Amino acid sequence: MGVKLGILGLGTVGTGTVQLLQDKTGRHPLLQEIEICRVGVRSLDKPRAVELSTDVVTTDLEAIVNDPAVDIIVEVMGGLEPARSLILKALSNGKHVVTANKAVIARFGAEIFTTANQAGVYVMLEAAVGGGIPVIQPLKQSLSVNRIQAVTGIVNGTTNYILTRMQTEGSNFSDVLADAQHLGYAEADPTADVDGLDAADKIAILASLGFGGRINLKDVYTEGIRQVSKTDIAYAEKLGFVIKLLAIAKRITSSEEDRETRGYGDAQKFYLSPLSVRVHPTLVPKAHPLASINGVYNAILVEGEPIGQVMFFGPGAGAGATASAVTSDILNLAASLKSQKVSTDNQSKIGSLNPLLACGHHEYSQIVPMAELITRFYARFLTNDQPGVIGKLGTCFGNYGVSLESIVQTGFQGELAEIVVVTHDVREGNFRQALAEIESLEAVESIPSLLRVL
Ligand SMILES: NC(=O)c1ccc[n+]([C@@H]2O[C@H](COP(=O)([O-])OP(=O)(O)OC[C@H]3O[C@@H](n4cnc5c(N)ncnc54)[C@H](OP(=O)(O)O)[C@@H]3O)[C@@H](O)[C@H]2O)c1
Ligand SMILES: N[C@@H](CCO)C(=O)O
Ligand code: NA
């Protein structure tokens, strides 16, 4: 008995998936048992890069998710609605779902996973984060015995491409963005990418898988790359850093909790300790493994105990790479359907769900407010070129317990002196209080940049 697919969407990812499924030679033999039963699109008139018989392609997506012959729904249409409703309907109808849709999962994951678990079916989402890079299944399976301490990623290819070109060419953000749009790397509406929203969806998903609690997307601090200037990239370079848009999820342990958990006396406490989950441009030391990830590539660094550091690197988008992830999810489901005893009632299906394939987190994670974050900062100041200015900055920082790692004045912008500081670890709230005091100094014209340092 073959496994029948209903595919929603025949765009970049849908077409790549169909191409892969139509070219099975030399791939896993289980692919032979997978059959494309129906494919849903918006327009029947569009030219397609794949050949499918006319009775397979339809604009009636509801009919696909309600078709009793379909075993697995592959949602590669994107957007929030009708994608969310179609996924929920498919799950309620007892169909497994494979999706590449990070936006839907980051917002409606709780509702979707609850529905899936109640129906005794799986939702697979390898393509939703890091495109073709295997990172979802490794977090759910291969790394699941670890106490995860941090997940840090470059998870948006468009912004990494833009920052890499700004770095190598010394170009402005707006010029590179225009070029990236022209070349088809960045979308006509680049908001989700350049404002960090796509990366926020992805880190919310990774954090919930890595740390075991639900993440409320509104708790994810999100800052994009529009404000990153070529001046800051050049200063960062001189100071030994590159600027990357990082998505970070990190467990925060107080020193007391830290001691307890490092002694492993109270594992439960470790799991309940709060997280910092955020997306922002970050100065990354050149020796750090994420510093050398350039162009449209993605990489995700996972830190855990006892594994240490593991980094996943590869193509985060594109038809073939993303189809690789989607089709592997399909294969996983096909294997599990094949090995599952035929069960007709839901109760026995729920009992037989493999907990390493299913998603089942119930509690919301506690997220630490940004003011409580302990991090290093980079800041650039434009000041009058007069004696004693650096001393005044130092006094303001000292007033709020901000210790400086370096302070340089190498350049001028017109009449104004440009002063750049890098701090030691400091509580963000304290650093911002110091900045407010600095801003009120007569000698300080402006603070054009403020960036966090890894
Ligand atoms: N592109 C990537 O590299 C990539 C990587 C990772 C994840 N993803 C995710 O994969 C999903 C699909 O992305 P994509 O780039 O393949 O998108 P796309 O090229 O825009 O394709 C979307 C497809 O869905 C169909 N569709 C959309 N809304 C529909 C509706 N209301 N009714 C019927 N059909 C509808 C479209 O039909 P028509 O063809 O008739 O217009 C099209 O075939 C998204 O969630 C995206 O975030 C994409
Ligand atoms: N827009 C995304 C595509 C993959 O999700 C990126 O640039 O990484
Ligand atoms: Na992936």
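Residues numbered from 1 in each chain as written. Chains lettered and ligands numbered in written order. Predicted model: local features only at pLDDT ≥ 70, side-chain atom pairs only at ≥ 80, totals over all residues. Heavy atoms only, no water.

Here's the deal with the overall build of the chain
Stage number 1. Helix and strand counts for the chain stand at 16 helices and 17 strands.
Stage number 2. Projecting the C-alpha coordinates of the chain onto the three principal axes gives extents of approximately 80 × 55 × 35 Å.
Stage number 3. Looking at the chain as a whole, 52% of its 454 residues qualify as buried.
Stage number 4. Residue pairs at least 24 apart in sequence account for 75% of intrachain contacts in the chain once pairs closer than 6 positions are excluded.
Stage number 5. Treating the 38 positive side-chain charges of the chain as one cloud and the 48 negative ones as another, the clouds have centres 4 Å apart. (Helix = DSSP H or I, 4+ residues; strand = E, 2+ residues; numbered from the N terminus. Buried < 20%, exposed > 50% of the residue type's maximum accessible area, 1.4 Å probe, protein only. Contact = heavy atoms within 4.5 Å. Lys, Arg positive; Asp, Glu negative; His and termini not counted. Charge placed at Lys NZ, Arg CZ, Asp CG, Glu CD.)

A word on the UniProt feature "active site" (unreviewed entry) in the chain
Stage number 1. With numbering matched to this structure, UniProt assigns "active site" (unreviewed entry) to Lys202.
Stage number 2. By the secondary structure assignment, Lys202 is in helix α9 (residues 197-211).
Stage number 3. Look at Lys202 and you get buried, because its relative accessible area is 5%.
Stage number 4. If we ignore the near neighbours within four places in the chain, the residues touching Lys202 are Lys102, Ala128, Val129, Val155 and Asn156.
Stage number 5. Within polar-contact distance, the side chain of Lys202 engages the backbone oxygen of Val155 at 2.8 Å. (UniProt positions renumbered as here; feature names shortened; annotations may be inferred. Polar contact = N/O pair within 3.5 Å; in protein donor to acceptor, adjacent residues only side chain to side chain.)

As for the site of ligand 1
Stage number 1. Taken together, 22 residues surround ligand 1, and among them Leu10, Ser43, Lys46, Arg48 and Gly318 come closest.
Stage number 2. Between ligand 1 and Leu10 there is a distance of 2.8 Å, counted from an oxygen atom to a backbone nitrogen or oxygen.
Stage number 3. Here an oxygen atom of ligand 1 sits 2.8 Å away from a polar atom, N or O, in the main chain of Ser43.
Stage number 4. When ligand 1 sits alone it has 890 Å² of accessible area, and the protein chains cover 78% of it. (Near = heavy atom within 4 Å. Areas by Shrake-Rupley, 256 points an atom, 1.4 Å probe, with all protein chains shown as cover.)

What about the confidence of the model for the chain?
Stage number 1. Averaged over the chain, the pLDDT score is 93; the fraction of residues at 70 or greater is 93%.
Stage number 2. This prediction of the complex comes with two scores: 0.95 for pTM and 0.99 for ipTM. (pLDDT = per-residue confidence, 0-100.)

So, the pattern of salt bridges
Stage number 1. Inspection of the entire model under this criterion finds 22 salt bridges.
Stage number 2. Residue Asp67 pairs with Arg38 through a salt bridge whose shortest N-O separation is 3.5 Å. With Asp67 in the loop between α2 (61-66) and β4 (72-75) and Arg38 in strand β2 (residues 34-40), this pair connects stretches of sequence that are 29 residues apart.
Stage number 3. Its relative accessible area of 15% is what places Asp67 among the buried residues.
Stage number 4. Here Arg84 and Glu81 are joined by a salt bridge, their closest N and O atoms 2.6 Å apart.
Stage number 5. One continuous salt-bridge network, built from bridges that share partners, spans Glu223, Glu428, Arg432 and Arg452. (Salt bridge = Lys/Arg side-chain N within 4 Å of Asp/Glu carboxyl O.)

Looking at the coordination of the sodium ion (ligand 3)
Stage number 1. In the first shell of the sodium ion (ligand 3), the protein supplies Glu126 (O), Glu126 (OE), Val129 (O), Gly131 (O) and Ile133 (O), at 2.3 to 2.7 Å from the metal.
Stage number 2. Read in sequence order, the donor residues for the sodium ion (ligand 3) give the motif E-x2-V-x1-G-x1-I. As far as burial versus exposure is concerned, Glu126 and Val129 are alike and both buried. (Donors = N, O, S within 2.8 Å, 3.2 Å for Na, K, Ca; no water.)

Quick word on the pairing of strand β12 (residues 308-315)
Stage number 1. With eight bridges joining them, strand β11 (residues 297-305) and β12 adopt antiparallel strand pairing. If you follow Ile300 over to β12, its bridge partner there is Phe312.
Stage number 2. Counting the residues that bridge the hairpin from β11 to β12 gives two residues. (Pairing = 2+ DSSP bridges.)

Here's the deal with the environment of Gln413
Stage number 1. With respect to the helices and strands, Gln413 occurs in strand β14 (residues 404-413).
Stage number 2. Note on Gln413: relative accessible area 36%, which makes it partly exposed.
Stage number 3. Every residue in contact with Gln413, bar those within four places of it in the chain, is listed here: Thr231, Arg380, Leu382 and Glu418.
Stage number 4. A distance of 2.9 Å separates the side chain of Gln413 from the side chain of Glu418, its partner in a polar contact.

A word on the site of ligand 2
Stage number 1. Neighbouring ligand 2 are the residues Lys102, Asn156, Gly157, Thr158, Asp193, Asp198, Lys202, Gly316 and Ala317.
Stage number 2. In the model, an oxygen atom of ligand 2 is placed 2.5 Å from a nitrogen or oxygen of the Thr158 side chain.
Stage number 3. If you list the elements that add at least two residues to the shell around ligand 2, you get α6 (157-169) and α9.
Stage number 4. Considering only residue class, the shell around ligand 2 consists of one nonpolar, four polar and four charged. (Nonpolar A, V, L, I, M, F, W, Y, C, P; charged D, E, K, R; others polar.)

Quick look at unusual backbone geometry
Stage number 1. Put simply, Glu81 and Pro82 share a cis peptide bond, and its omega is 5 degrees.
Stage number 2. By the secondary structure assignment, Pro82 is in the loop between β4 and α3 (83-92).

Describing helix α13 (residues 319-339)
Stage number 1. Between its first and last C-alpha, α13 extends 30 Å over 21 residues, near the 30 Å set by a 1.5 Å rise per residue.
Stage number 2. Among all positions of α13, only Ala321, Thr322, Ala323, Ala325, Val326, Thr327, Asp329, Ile330, Leu331, Leu333, Ala334 and Ser336 are buried. (Expected span 1.5 Å × (residues − 1).)

Some thoughts on the sheet that holds strand β1 (residues 3-8)
Stage number 1. Pairing within the open sheet is parallel, and its six strands lie in the order β3-β2-β1-β4-β5-β6. Strands at the two margins of the open sheet, each flanked by one partner only, are β3 (57-58) and β6 (123-124).
Stage number 2. Pairing of β4 with strand β5 (residues 96-99) involves four bridges; the strand directions are parallel. Note that in β5 the partner of Glu75 across the bridge is Thr99.

Overview of the nonpolar core
Stage number 1. Ranked by internal contacts, the top residues of the largest apolar core, which has 79 residues, are Ile162, Ile203, Leu206 and Val277.
Stage number 2. When residues of this core are assigned to their parent elements, the largest contribution, nine residues, is made by α9.
Stage number 3. When neighbours within four sequence positions are excluded, Ile203 is seen to be in contact with Val151, Val220, Ala247, Ile248, Ala249, Val277 and Val279. (Core = buried A, V, L, I, M, F, W, Y, C linked by side-chain atoms within 4.5 Å.)

Concerning the pairing of β14
Stage number 1. Taken together, the eight bridges between β14 and strand β15 (residues 416-423) define a ladder with antiparallel strand orientation. Residue pairing for β15: Leu404 is matched across the bridge by Thr423.
Stage number 2. Linkage of β14 to β15, two consecutive antiparallel strands, is achieved through a turn of two residues, within which Gly414 is found at a positive phi near 65 degrees.

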